[in-house]
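Each chain is listed here by its residues.
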Amino acid sequence: MSDHIWFKEYAPEDLAGVRNANMGEHVGFEFLEIGPDYVKGRLPVDHRTTQPFGILHGGASCVLSETLGSVAGWMTINH
């Protein structure tokens, strides 16, 4: 039995191409770590991701969670 939930072994650098030419690339998203049942990423808080008052935009938070969730789901299937 495997010690992780992913269909195969992944490293953060394996996922770099998944974020190219989409929203993640535009806002500076990066994959940081892949554990046995989690994926970590980060999003900069800068001119691309803040609302007019200088704090993280709610939509940017959605981009972060959607990117992590959809890629994690993709990692669990045979493709």
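Note that the structure is a prediction, hence the values are computed from the model and not measured.

Participant: Looking at this structure, how should I read the overall build of the protein?
Facilitator: A tally of regular secondary structure across the protein gives two helices and two strands. Once the C-alpha set of the protein is aligned to its principal axes, its extents read approximately 50 × 20 × 15 Å. Each of the 79 residues in the protein was classed as buried or not, and the buried ones make up 27%. Taking all contacts inside the protein whose residues are at least 6 apart in sequence as the whole, residues at least 24 apart take part in 48%. Total accessible area on the protein is roughly 5,200 Å²; 57% of this is exposed by carbon and sulfur atoms. Measuring between centres, the 5 positive side-chain charges of the protein sit 5 Å from its 10 negative side-chain charges.

Participant: Which parts of the structure should I look at to understand the environment of Gly59?
Facilitator: Assignment of secondary structure puts Gly59 in helix 2 (residues 58-75). Since its relative accessible area comes to 31%, Gly59 is described here as partly exposed. Taking the C-alpha atoms as reference points, Gly59 and Gly35, 24 residues apart in sequence, are found 26 Å from one another.

Participant: Help me out: how do you make sense of the packing of aromatic side chains in this one?
Facilitator: Two numbers describe a pair of aromatic rings. These are the distance of the centres and the angle of the planes. The full count for this structure, using the stated rule, is two aromatic pairs. Measuring from ring centre to ring centre gives 4.8 Å for Phe29 and Phe31, while their planes differ by 85°; the resulting arrangement is edge-to-face. Phe31 shares its class with Phe29; the two are buried.

Participant: Looking at this model, I keep getting lost on helix 2. Mind explaining?
Facilitator: An α-helix turns once per 3.6 residues; consequently, residues spaced three or four apart project the same way. Over its 18 residues, helix 2 extends 26 Å from the first C-alpha to the last, a length consistent with the 26 Å expected when each residue adds 1.5 Å. Three or more residues of helix 2 are buried, namely Ala60, Val63, Thr67, Leu68, Val71, Ala72 and Met75. Looking straight down helix 2, one finds its buried side chains confined to an arc of 145°; they lie on one side.

Participant: What is the right way to read the nonpolar core from this model?
Facilitator: One recurring pattern in soluble globular proteins is that nonpolar side chains are buried together. Among the nonpolar cores identified, the biggest contains 15 residues, and Trp6, Tyr10, Leu15, Phe31, Ile34, Val39 and Met75 are the most heavily contacted of them. Within the residue set of this core, elements represented by two or more residues are strand 1 (30-34) and helix 2. When residues of this core are assigned to their parent elements, the largest contribution, six residues, is made by helix 2.

Participant: Help me understand a nonpolar patch on the surface in this model?
Facilitator: On the surface, Val18, Trp74 and Ile77 cluster together to form a nonpolar patch covering roughly 230 Å² of accessible area. Looking at the secondary structure, you find Val18 in the segment before helix 1 (23-27).

So, how was this worked out
Residues numbered from 1 in each chain as written. Predicted model: local features only at pLDDT ≥ 70, side-chain atom pairs only at ≥ 80, totals over all residues. Heavy atoms only, no water. Helix = DSSP H or I, 4+ residues; strand = E, 2+ residues; numbered from the N terminus. Buried < 20%, exposed > 50% of the residue type's maximum accessible area, 1.4 Å probe, protein only. Contact = heavy atoms within 4.5 Å. Areas by Shrake-Rupley, 256 points an atom, 1.4 Å probe, with all protein chains shown as cover. Lys, Arg positive; Asp, Glu negative; His and termini not counted. Charge placed at Lys NZ, Arg CZ, Asp CG, Glu CD. Phe/Tyr/Trp six-rings, centres within 6.5 Å; stacked < 30°, edge-to-face > 60°. Expected span 1.5 Å × (residues − 1). Arc of directions from axis to C-beta. Core = buried A, V, L, I, M, F, W, Y, C linked by side-chain atoms within 4.5 Å. Patch = residues over 30% accessible without salt bridge, like charges linked within 9 Å, V, L, I, M, F, W, Y side chains within 5 Å. Salt bridge = Lys/Arg side-chain N within 4 Å of Asp/Glu carboxyl O.

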